[in-house]
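# Structural overview for review
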Amino acid sequence: MAEKQLNLALSIEPQDQTAQEYLQRVRARTAKRTTLEDLKKDTEIWKIYQEGLSQYQQGNYQEAIDLWNEVLKVYPNNANTLRNIQQARARLQKKP
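Structural notes, computed from the coordinates. A quick note: this is a predicted structure, and the numbers were derived from the prediction, not measured.

Rules used throughout
- Residues numbered from 1 in each chain as written.
- Predicted model: local features only at pLDDT ≥ 70, side-chain atom pairs only at ≥ 80, totals over all residues.
- Heavy atoms only, no water.
- Salt bridge = Lys/Arg side-chain N within 4 Å of Asp/Glu carboxyl O.
- Helix = DSSP H or I, 4+ residues; strand = E, 2+ residues; numbered from the N terminus.
- Buried < 20%, exposed > 50% of the residue type's maximum accessible area, 1.4 Å probe, protein only.
- Polar contact = N/O pair within 3.5 Å; in protein donor to acceptor, adjacent residues only side chain to side chain.
- Contact = heavy atoms within 4.5 Å.
- Axes fitted to C-alpha atoms, helices over the stretch in contact; angles between N-to-C directions.
- Parallel < 35°, antiparallel > 145°, perpendicular 65-115°, else oblique.
- Left-handed = near helix turned anticlockwise from the far one by under 90°.
- Nonpolar A, V, L, I, M, F, W, Y, C, P; charged D, E, K, R; others polar.

Enumeration according to the criterion identifies three salt bridges in this entry. For the salt bridge of Arg89 with Glu21, the shortest nitrogen-to-oxygen distance reads 3.6 Å. Of the two residues, Arg89 is situated in helix α6 (residues 79-94) and Glu21 in helix α2 (residues 17-30); the sequence distance between them amounts to 68 residues. Look at Arg89 and you get buried, because its relative accessible area is 11%. Glu21 sits in the partly exposed class, given a relative accessible area of 27%. In this structure, the salt-bridge partner of Lys73 is Glu70, at a minimum N-O distance of 3.0 Å. With Lys73 and Glu70 both in helix α5 (residues 61-74) and three residues apart, the pair spans about one turn of that helix. In this structure Lys73 comes out as exposed when scored by relative accessible area, which is 54%. For Glu70, a relative accessible area of 36% corresponds to the partly exposed category.

Structure (structure tokens):
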């Protein structure tokens, strides 16, 4: 039910970071844990994940977050992706 309501909120305001964070938390609690190896086995998702890393390294933190959010749609409980997003958000807040 919570996931449904958060998806509705995001359909109205897709960039709402609070709703995105809560949606990730809801999905993470209900999904099985996945590893980096699971992402590597999914070639399309792995490309998206790596592009997120590239954007992050270039200082394009919002672009990286957007890409990693795409990864979370398929693998919502991936610790690596969740940690990456958290670090990118922290850097984005510090960025002038």
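From this point, things continue past the structure.
Moving on, we come to the side chain of Thr34. Considering the arrangement of structural elements, one finds Thr34 in the loop between α2 and α3 (36-41). At a separation of 3.2 Å, a polar atom in the side chain of Thr34 contacts the side chain of Asn78. Setting aside its immediate chain neighbours within four residues, Thr34 contacts Tyr75, Asn77, Asn78 and Ala79.

On to the packing of helix α4 (residues 43-57) against α6, then. Put simply, α4 and α6 touch, their axes get as near as 12 Å, and they point 25° apart. In terms of their interaxial angle, α4 and α6 are classed as roughly parallel. Crossing angle aside, the handedness with which α4 passes α6 is left-handed. Only Asn80, Thr81, Asn84, Gln87, Ala88 and Arg91 of α6 make contact with α4, whose side of the interface consists of Tyr49, Leu53 and Tyr56. Its residues placed into classes, the contact of α4 with α6 shows four nonpolar, four polar and one charged.

This brings us to the packing of α5 against α6. Between α5 and α6, whose axes approach to 9 Å, the crossing angle comes to 160°. In this view, α5 runs roughly antiparallel relative to α6, as classed from their interaxial angle. As for the relative orientation of α5 and α6, their crossing is left-handed in sense. On α6, the residues that touch Tyr61, Gln62, Ile65, Trp68, Asn69, Val71 and Leu72 of α5 are Thr81, Leu82, Asn84, Ile85, Ala88, Arg89, Arg91 and Leu92. Of the residues belonging to the contact of α5 with α6, the class tally is nine nonpolar, four polar and two charged.

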